[in-house]
Amino acid sequence: MGSLEIDSLDKSYGAAKVLKDINIEIEEGGFLVLVGPSGCGKSTLLNSIAGLEDITGGEIRIAGKKVNDLAPADRDIAMVFQSYALYPNMTVRGNIAFGMEIRKIPKAERDEAVHRVATLLQIEDLLDRKPSQLSGGQRQRVAMGRALVREPQVFLFDEPLSNLDAKLRVDMRTEIKKLHQRLGATIVYVTHDQIEAMTLATKIAVLKGGVLQQAGTPAEIYNNPVNTFVAEFMGSPSMNLIPAQAGQGPNGPTLSIARKAGDPLVLPAPEAVAAYAGRGVLLGLRPEAITDEEAADRNARVVETASCRIDVLEPSGADTYCTTDLGGKDVIGRLRADAPIRQGEDATLAFNLDKAVIFDPDSGERIA
Amino acid sequence: MSARTESRPDGGRVLRALLYAALILFAIYYLLPLYVMLANSVKPLEEIRQGNMMALPQVLTFEPWAQAWSEAKVGVAATGLKPYFWNSIKMVVPAVIIVTILGALNGYVLTKYTFRGANILFGMMLLGCFIPFQIALIPAARVLGFLGIAGTTWGLVLVHTAYGLGFATLFFRNYYAAFPTELIRAARIDGAGFFTIFFRILLPSSGPIIVVTVIWLFTNIWNDFLFGVSFGDFDSQPMTVALNNLVSSSGGVKEYNVHFAGAILAALPTLIVYIVSGRYFVRGLMSGAVKG
C-alpha cells in the first residue's frame, strides 16, 4: 500500500477538463516529482492532493485513507508554496508555530517543536525576525520549517525553488535531497525544471495537457520515454528526433537517414521496425549517444560510425556540442572537449544505437 | 540633477523661490476662510459689525465658543450644539465600526472565497454608491418606519451603513485582490478557519486600508446633512442639522461670531481625524495601487 495513491482522478472547471484519469502511486519515503510545461495541470494536481481544490472524479488516498472529502488541515499533509506564503505579520517563530497554535497544542510542546525544526534547518538566529527581514533563501528555509514541524504523512512542494537565483537554487536542491534522505519523508514535488526532476525524484510523473504521459524512475523516463513529448521534455539539450526511412536490409530492418551531401546514412534497426518498412519513423538519440569515435561507449553492443559535416561547434567547458544536419534536421552530438573536430569540416561520429528509441512520426508513440 | 544645479546655481535657486512663492500663495488663499472663521469667532459682535472681517480681534473673547457649544438657540431650545455633537458621535462611531468590519468581510469573501455571481453582486454594491441620496429618501423612510426606528440614532446608523457599505467594500476588495492567495491557502493547510484567517492573517495586514476607510466614512457620515435632517429627531439630529438651525434661527440679531464658532466646532472632528491619520490615508491609497 502506497503512502499516496491517486486513482483515476478527474478534474474539470465547468466544461474544461484540466486533469484526465490520473493514476499515480508513491510508496512511503518516495520522492514523486510532477513535471510538465506550464498549464499541464501539475499544480492543479498538487492542489487537489492538498485539498485546496475539489476534484470532479476519482479518489485520493493518503496512507490508505480516502481523503476526497477531508479539509486540507485534516489530510495529514504539509505544503511549501512557490511564494513561500509566510504570514507577514508574524515572526518566524509565529509562522512555524501557527498551525500548532490552531490545533491547540500546548505552548511548551510548540516551543520544543519550533526549536527542533529550527536547529535542523539552521534558522535558530532568525526566529524573532519578520519575513520581510529575511533573504530569499532564508524565507525558503522558514517555509520548509513550517511544513516540517507538522511531521505529516506527505509533504507537498509547489515549485519551491523557482523564485531563487540560479546558485541558491542548486544549493537548496541539494539541501532538499539531503533532508529527504534524513527524514525518509514522502514528498510530492511540482516543478517545470527537468533537471530538478531528474536529480531529486525517485519517481517522475510527466504531465501534458492534463494527461499523465509517463510515470517511472528518472532512469526509465530518461532512457525509455513512451512518446516524443517525454523524450523531448526530459534532458538538456533535448533528445534528437531524426526523421528516418524504415527499410528491410539483408541482416534485418534498417533505418536510412538522408544527409545533405552524399548517400543516406543506413543504420541497423530493431525487429519492431520491420512493420514500418517503407514508411517514415523518428529515430530518437540523446546527444551523448552521438560522439566522437574516441568517446564512444566501449560497453555498447551496437555502435555505428559515419562521416558527418559539422555545422556548428559549441564548447561548454566540460564537453563540446556539435551540430550536424541529419534527415533535414539539426542534430546535436556531445563530444569530448578536446576532440580533434573542426567546424565546417567532415568528421567521423559514433552513434550508440543501444540507446536509440524509435517513434511513430504521426502519433509520437514509441515503436521500439 | 545636482550637477545641473551646480552649473547654474542662480537659475535653480530662482526657480525654487518662485515655486515656493506660488505654493505659499495658494496655501494662504485656501487658509483664508479658516482664518476669517477663527478670527471672527473670538471677536465680540460689535467688532464684527464695524465691518472689518479680515482684521485681527482687538478684544479677545471665547464667549462665542461657549455660547455656540452650550447656550445658543438651536431651533427653539437654547441648548447650544453640545447635545447634537453627542448625537453625531453616537451615530458616526457605530456606523463607521459596523461598515468597516462588514466592508472588510465583504472584500475578503469577494476576493478569497469567490462564488458564482460574486462579480455581479459586487457590481450591484458599487451601483449603490452612485445612487443619489434623494432617490433613496422615501424608500428609506418606509423601511425605517417598518422597523420602528424612524427618528432614532440607530435608524441613522442603519441608513449610513447601507450607503457606506458600497465604498467600503470597494476599498477592501481592491486591497485584498492584491493580497497573495497562497497565504490564505497556507493558513487553510495550517487548519485555520474562515474567521481565524480573517482576524489572524488578513486584518493585521490591512492597516492602511482600514485607515482609508475610516477617514472616508467618518468624513462622509459626519458631514451628512440630508439624512440627518430627514430622519433625525431632537434626540438624534446630528451636528450638521443643528448648525443649520443655529444659523437660521432668527432671534433678532445675527450672531456671526457664534455661527463661526459653531461651524468650526462642527468641522473639528473630521479635521482631527484627518490630521492624525492623514499620512496613512495617502500611504493606504498608494499601497493599494502599487502593491503587486
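Residues numbered from 1 in each chain as written. Chains lettered and ligands numbered in written order. Predicted model: local features only at pLDDT ≥ 70, side-chain atom pairs only at ≥ 80, totals over all residues. Heavy atoms only, no water.

The subject of this paragraph is the overall build of chain A. The number of helices and strands found in chain A is eight helices and 20 strands. With the principal axes as the frame, chain A shows a C-alpha extent of 80 × 45 × 35 Å. Buried positions account for 51% of the 368 residues belonging to chain A. Of the roughly 16,300 Å² of accessible surface on chain A, 46% is carried by carbon and sulfur atoms. Of the side-chain charges in chain A, 41 are positive and 50 negative, and the distance between the mean point of each set is 5 Å. (Helix = DSSP H or I, 4+ residues; strand = E, 2+ residues; numbered from the N terminus. Buried < 20%, exposed > 50% of the residue type's maximum accessible area, 1.4 Å probe, protein only. Areas by Shrake-Rupley, 256 points an atom, 1.4 Å probe, with all protein chains shown as cover. Lys, Arg positive; Asp, Glu negative; His and termini not counted. Charge placed at Lys NZ, Arg CZ, Asp CG, Glu CD.)

Time to look at unusual backbone geometry. Residue and element names in this part refer to chain A. Each neighbour pair has its own omega, and for Ser236 with Pro237 the value is -5°, a cis peptide bond. Tracing the backbone shows Pro237 in the loop between helix H8 (228-233) and strand S11 (240-249). The phi dihedral of Asp21 falls on the positive side, at around 50°, and the residue is not glycine. With respect to the helices, strands and loops of the structure, Asp21 is situated in strand S2 (residues 16-26). Its relative accessible area of 46% is what places Asp21 among the partly exposed residues. For Asp76, which is not a glycine, the phi torsion comes out positive at approximately 60°. A relative accessible area of 35% means that Asp76 is categorised as partly exposed.

Residue and element names in this part refer to chain A. If you walk across this open sheet you meet the five strands as S13-S12-S11-S14-S20, and the pairing is antiparallel. Among the strands making up the open sheet, the edge pair consists of strand S13 (265-268) and strand S20 (357-359). Going from strand to strand, the sheet's axes swing by 40° on average, the running direction of each strand aside. Pairing of strand S12 (residues 252-257) with S13, which is carried by four bridges, proceeds in the antiparallel orientation. Within S13, the residue paired with Ser256 across the bridge is Val266. (Pairing = 2+ DSSP bridges. Axes fitted to C-alpha atoms, helices over the stretch in contact; angles between N-to-C directions.)

Glancing now at the pairing of strand S14 (residues 280-285) of chain A. If a strand is regular, its side chains alternate between the two faces of the sheet. All names here are of chain A. Burial analysis of S14 places five of its six residues in the buried class, the great majority of the element. One ladder, built from three bridges, connects S14 with S20; its direction is antiparallel. Of the residues in S20, the one forming a bridge with Gly284 is Val357.

What follows covers the interface of chain A and chain B. The interface of chain A with chain B comprises 28 residues on the first partner and 15 residues on the second. A combined buried area of about 1,800 Å² lies between chain A and chain B, and 59% of that area is made up of carbon and sulfur atoms. Put simply, A:Glu53 and B:Arg185 hold a salt bridge, and the shortest N to O gap is 3.7 Å. At the junction of chain A and chain B, the tally comes to seven residue pairs in polar contact (both at pLDDT 80 or more). Elements with a minimum of two residues in the side of chain A that touches chain B: helix H1 (42-50), strand S6 (77-80) and helix H2 (92-102) of chain A. Top contributing element to the side of chain A that touches chain B by residue count: H2(A), with four residues. Here the side of chain A that touches chain B is built from residues that sort into 16 nonpolar, six polar and six charged. (Contact = heavy atoms within 4.5 Å. Buried area = accessible area lost by both parts, 1.4 Å probe. Salt bridge = Lys/Arg side-chain N within 4 Å of Asp/Glu carboxyl O. Polar contact = N/O pair within 3.5 Å; in protein donor to acceptor, adjacent residues only side chain to side chain. Nonpolar A, V, L, I, M, F, W, Y, C, P; charged D, E, K, R; others polar.)

Time to look at the packing of H2(A) against helix H10 (residues 194-202) of chain B. Contact geometry for H2(A) and H10(B): axes closest at 13 Å, N-to-C directions at 155°. One finds that H2(A) runs roughly antiparallel with respect to H10(B). The interaxial crossing formed by H2(A) with H10(B) has right-handed handedness. Two secondary-structure elements touch here, H2(A) through A:Phe98, A:Glu101 and A:Ile102 and H10(B) through B:Thr196, B:Arg200 and B:Ile201. (Parallel < 35°, antiparallel > 145°, perpendicular 65-115°, else oblique. Left-handed = near helix turned anticlockwise from the far one by under 90°.)

On to the domain arrangement of chain A, then. Residue and element names in this part refer to chain A. Here chain A is described as being made up of domain 1 (4-233) and domain 2 (240-359). Measuring from the centre of the C-alpha atoms in domain 1 to the corresponding centre in domain 2 gives 39 Å. Contacts between the two partners involve nine residues from domain 1 and, on the opposite side, seven residues from domain 2. Across the domain 1 to domain 2 interface the summed buried area is about 660 Å²; carbon plus sulfur atoms make up 57%. By the criterion of area lost to domain 2, the three top residues of domain 1 are Tyr222, Thr228 and Ala231, representing 61% of everything that side buries. Across the domain 1-domain 2 interface, the total number found is zero salt bridges. Breaking the side of domain 1 that touches domain 2 down by element, the ones donating at least two residues are helix H7 (218-223) and H8. (Domains from an automatic or database assignment.)

It is worth spelling out the UniProt feature "transmembrane region" (unreviewed entry) in chain B at this point. Feature annotation in UniProt assigns "transmembrane region" (unreviewed entry) to the following positions: residues 17-38, 91-111, 118-138, 144-172, 193-218 and 256-276 of chain B. Structurally, residues 91-111 of chain B is divided into 100% helix and 0% strand, and its ends, taken at the C-alpha atoms, are 30 Å apart. (UniProt positions renumbered as here; feature names shortened; annotations may be inferred.)

Another point: the nonpolar core. A:Leu4, A:Leu34, A:Leu45, A:Leu156 and A:Val188 are the most contacted members of the largest nonpolar core, which has 52 residues in total. Grouped together as the second largest cluster of nonpolar side chains are 47 residues, A:Val92, A:Ile96, A:Phe157 and A:Leu200 included. (Core = buried A, V, L, I, M, F, W, Y, C linked by side-chain atoms within 4.5 Å.)

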